[in-house]
Amino acid sequence: MAYILLILGFALLIKGADWFVDGSSNIAALLRVSPLLIGLTIVAFGTSSPELTVSIIAALEGSADVSLGNVVGSNIFNITLVVGMAAFLFPLKVQNETIKKEIPFTLVSTAALLIVMSDIFLQGSSNNLITRGDGLILLLFFGIFMIYVFEIALKDREASKEASREDTGKTSESEGGTWGKNILISVIGLAAIIIGGEMVVSNATEIAYSLGMSETLVGLTIVAIGTSLPELVTSVSAALKKQSEIALGNIVGSNIFNILLVLGGSAFITPLAFDGKVFIDLFIMVILTLLLLVFSRTNYKIGKREGLILALAYVVYLIYIIIRN
């Protein structure tokens, strides 16, 4: 039964991602904003919902290491394997705004997280703790990011209005379907992604235990990857549909959401004490984000070669954490 449910879970993930990308790209057309903006917001928030749920539940149960490890692990997975696979299937075009603003904002968000975490180094405290005040600071950074997103949306709409003056009525509901239809497709697609991801994680974990895999190895591989499956299937599906703006916007947006909203919200609910080893993973995340920025500046696209390098980087990281633990 576990094998059947595993296959069904993957089917839901794939089909759900297909619907979610179609619905989201059509909503972008109806809103007259860029697909990148939809990737940074609607798609990113939707695919980050598993991380949000897991981290908040872990925070409420007093498992701070799970909250922080979930976010850092997911972000590393997104930067390396998700972007890598999507770029290997179809080269991802990178907009100038993404290079100059969105990816640097991810680095600023990571820097803010490092600062609020470093109580021993900066304040001489007896332990490192992400307090409710620190969580509120991260949430305020998230508010700044949303203001930036709304400004981009207004600019997109103004540019679209200028274009439509010469071609009135062409960008209408007939091109992408009705509002109700696209919202319904997006919601059903997102629900299928979340349900399918949960089915894959739970049944793959059951199968792994039955095959004799250790709890640590299962946690570092299947469960960690499982919470990022929505980002993976959505970005790969978007790449195959040649919607590279949604594919890359999903990853950049998800990483910002994970740091500022997921961790900020978790810490605001309850202060997070954590193991100092996670600083190593955070520095690895910074290095990988810088690598993504360098690759993005190469002809304003991430090609197959860069995608392969990023995917291999995750394999190396996975081997490292297995040995470390």
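Throughout what follows, the structure given in this document is the object of discussion. Fair warning: this is a prediction, and the values are worked out from it, not measured in the lab.

Rules and cut-offs
- Residues numbered from 1 in each chain as written.
- Predicted model: local features only at pLDDT ≥ 70, side-chain atom pairs only at ≥ 80, totals over all residues.
- Heavy atoms only, no water.
- Core = buried A, V, L, I, M, F, W, Y, C linked by side-chain atoms within 4.5 Å.
- Buried < 20%, exposed > 50% of the residue type's maximum accessible area, 1.4 Å probe, protein only.
- Contact = heavy atoms within 4.5 Å.
- Salt bridge = Lys/Arg side-chain N within 4 Å of Asp/Glu carboxyl O.
- Helix = DSSP H or I, 4+ residues; strand = E, 2+ residues; numbered from the N terminus.

Turning our attention to the nonpolar core. With 88 residues, the main nonpolar core has Leu92, Leu113, Met117 and Phe145 as its most contacted residues. Filtering out sequence-adjacent residues up to four positions away, Leu113 remains in contact with Ile130, Leu138, Ile259, Leu263 and Leu282.

Turning our eyes to something else, we now look at the pattern of salt bridges. Within this structure, the stated rule accounts for two salt bridges. In this structure, the salt-bridge partner of Asp22 is Lys241, at a minimum N-O distance of 3.2 Å. Of the two residues, Asp22 sits in helix H1 (residues 2–31) while Lys241 sits in the loop between helix H11 (229–240) and helix H12 (244–269), which places them 219 residues apart along the sequence. Its salt-bridge partner being Glu97, residue Lys101 comes within 3.4 Å of it at the nearest N-O pair. Here Lys101 pairs with Glu97, and both are found in helix H5 (residues 96–117), just four residues apart, close to one helical turn. On the accessibility criterion, Lys101 (38% relative accessible area) is partly exposed. Residue classification places Glu97 among the partly exposed positions, given a relative accessible area of 30%.

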